[in-house]
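Tertiary structure, described
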Amino acid sequence: MIITFLGTGTSHGIPVIGCDCDCCTSSDTRNQRFRTSIVVESSDGKQVLVDTSPEFRLQAIKYKIKKPKCVLLTHSHADHLHGLDDLRIFAHTFTPCSSNNPEKIKPLKIFANKNTVKDVKSRFSYVFKKTQLGGGKPLLKLIPCEEFSEKNPLKIGNLEIIPIPMYHGKLKVSGWMFKDKNTKNSFAYLTDCSFIPESSLELVKNCTYIVLDALREKIHTTHFNFEQAMEFVSKTESKEIYFTHISHETTHEEIIQIIKELKVKFSIEDKNINPAWDGLVLSI
Ligand SMILES: [Zn+2]
Ligand SMILES: [Zn+2]
Ligand SMILES: [Zn+2]
């Protein structure tokens, strides 16, 4: 399984428009963050995209995304969703170049929880309405993810995927857990959360890698801060952890220092915990 971080920044991205703080003006490229998204590739070469950020087109070009087998959405906030229209290159309702090609265009499957499916249908209503040809739009099939579980995972190539229920303030969102049948490694992607129920902790606590929302030092109503993220990490057996959805209030180097201190506080010096950065690739 290969995981590529397409973006690791909070909703504004970094640099923040008009901001001249140390982080936003840093020349360290790890302090330049697109909105949060990843792509996961199975050991048999199948790509799964998680979220379509507003920078999705730029991310897809930069990180050479070819054709994902499906898309998983964590929730419907703009920073995770508003690049959705650019999926049309993978599933277009009108393709003049293929008019001599008998291959039928198939809809691209999008998996998300029920409230996210509802929001996508209203936010992108034109995608799901019958209209005349032209003014291209993606051909998408929205599928509620609640039917998938440990016993009945979503299967994409060698990947077995299950949604992980979490709370982002009061909003129910989906983390996603991936297991590769071939390598036996597992990976949990848990962004945009301020509370992870015990039943969800049970599902992810033995993952080889965990990627977790960790916004900033100060407390926040809908995101884990660094300390809350560390507390969650301390309840897991995972040894390899990356933080994502990071704000401009701390630079990459500053976060590394904060993590060092918090590792002592939670007695988890044996774990490898780092802030992620755009372009980071994990081969597990
Ligand atoms: Zn977000
Ligand atoms: Zn800034
Ligand atoms: Zn959010």
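Whatever comes next refers back to the structure up there.
Notes on the sheet that holds strand β5 (residues 108–112)
Taken in spatial order, the seven strands line up as β6-β5-β4-β3-β2-β1-β14 in an open sheet, and their pairing is mixed. One side of each edge strand has no neighbouring strand; the edge strands of this open sheet are β6 (140–144) and β14 (281–283). When strand polarity is set aside, the average angle formed by the axes of neighbouring strands in this sheet is 20 degrees. Of the strand pairs in this sheet, strand β3 (residues 47–50) and strand β4 (residues 70–72) are connected by three bridges, and their pairing is parallel. Bridge pairing in β4 links L49 to V71.

What to know about the coordination of the zinc ion (ligand 1)
Surrounding the zinc ion (ligand 1) are the protein donor atoms D79 (OD), H80 (NE2), D192 (OD) and H245 (NE2), at 2.1 to 2.3 Å. Note that the zinc ion (ligand 1) binds four donor atoms; their angles at the metal cover 89 to 162 degrees, and the shape is irregular. Here the donor residues of the zinc ion (ligand 1) share one chain and are spaced in sequence as D-H-x111-D-x52-H. In this structure D192 comes out as buried when scored by relative accessible area, which is 1%.

Brief notes about the coordination of the zinc ion (ligand 3)
For the zinc ion (ligand 3), the full set of protein donor atoms is H75 (NE2), H77 (ND1), H168 (NE2) and D192 (OD), and the range of their distances to it is 2.1 to 2.3 Å. For the zinc ion (ligand 3), the four donor atoms are set out with angles of 89 to 176 degrees between them, so the coordination reads as irregular. Expressed as a motif, the donor residue spacing for the zinc ion (ligand 3) is H-x1-H-x90-H-x23-D. A separation of 3.4 Å is found between the zinc ion (ligand 3) and the zinc ion (ligand 1), which are bridged by D192. Highlighted residues: H77 in the loop between β4 and α2 (78–81) and H168 in strand β8 (residues 159–168), separated in sequence by 91 residues. Since its relative accessible area comes to 34%, H77 is described here as partly exposed.

Here is what the cut-offs are and how they apply
- Residues numbered from 1 in each chain as written.
- Chains lettered and ligands numbered in written order.
- Predicted model: local features only at pLDDT ≥ 70, side-chain atom pairs only at ≥ 80, totals over all residues.
- Heavy atoms only, no water.
- Pairing = 2+ DSSP bridges.
- Helix = DSSP H or I, 4+ residues; strand = E, 2+ residues; numbered from the N terminus.
- Axes fitted to C-alpha atoms, helices over the stretch in contact; angles between N-to-C directions.
- Donors = N, O, S within 2.8 Å, 3.2 Å for Na, K, Ca; no water.
- Tetrahedral: all angles 85-135°; square planar, octahedral: opposite > 155°, others 65-115°.
- Buried < 20%, exposed > 50% of the residue type's maximum accessible area, 1.4 Å probe, protein only.

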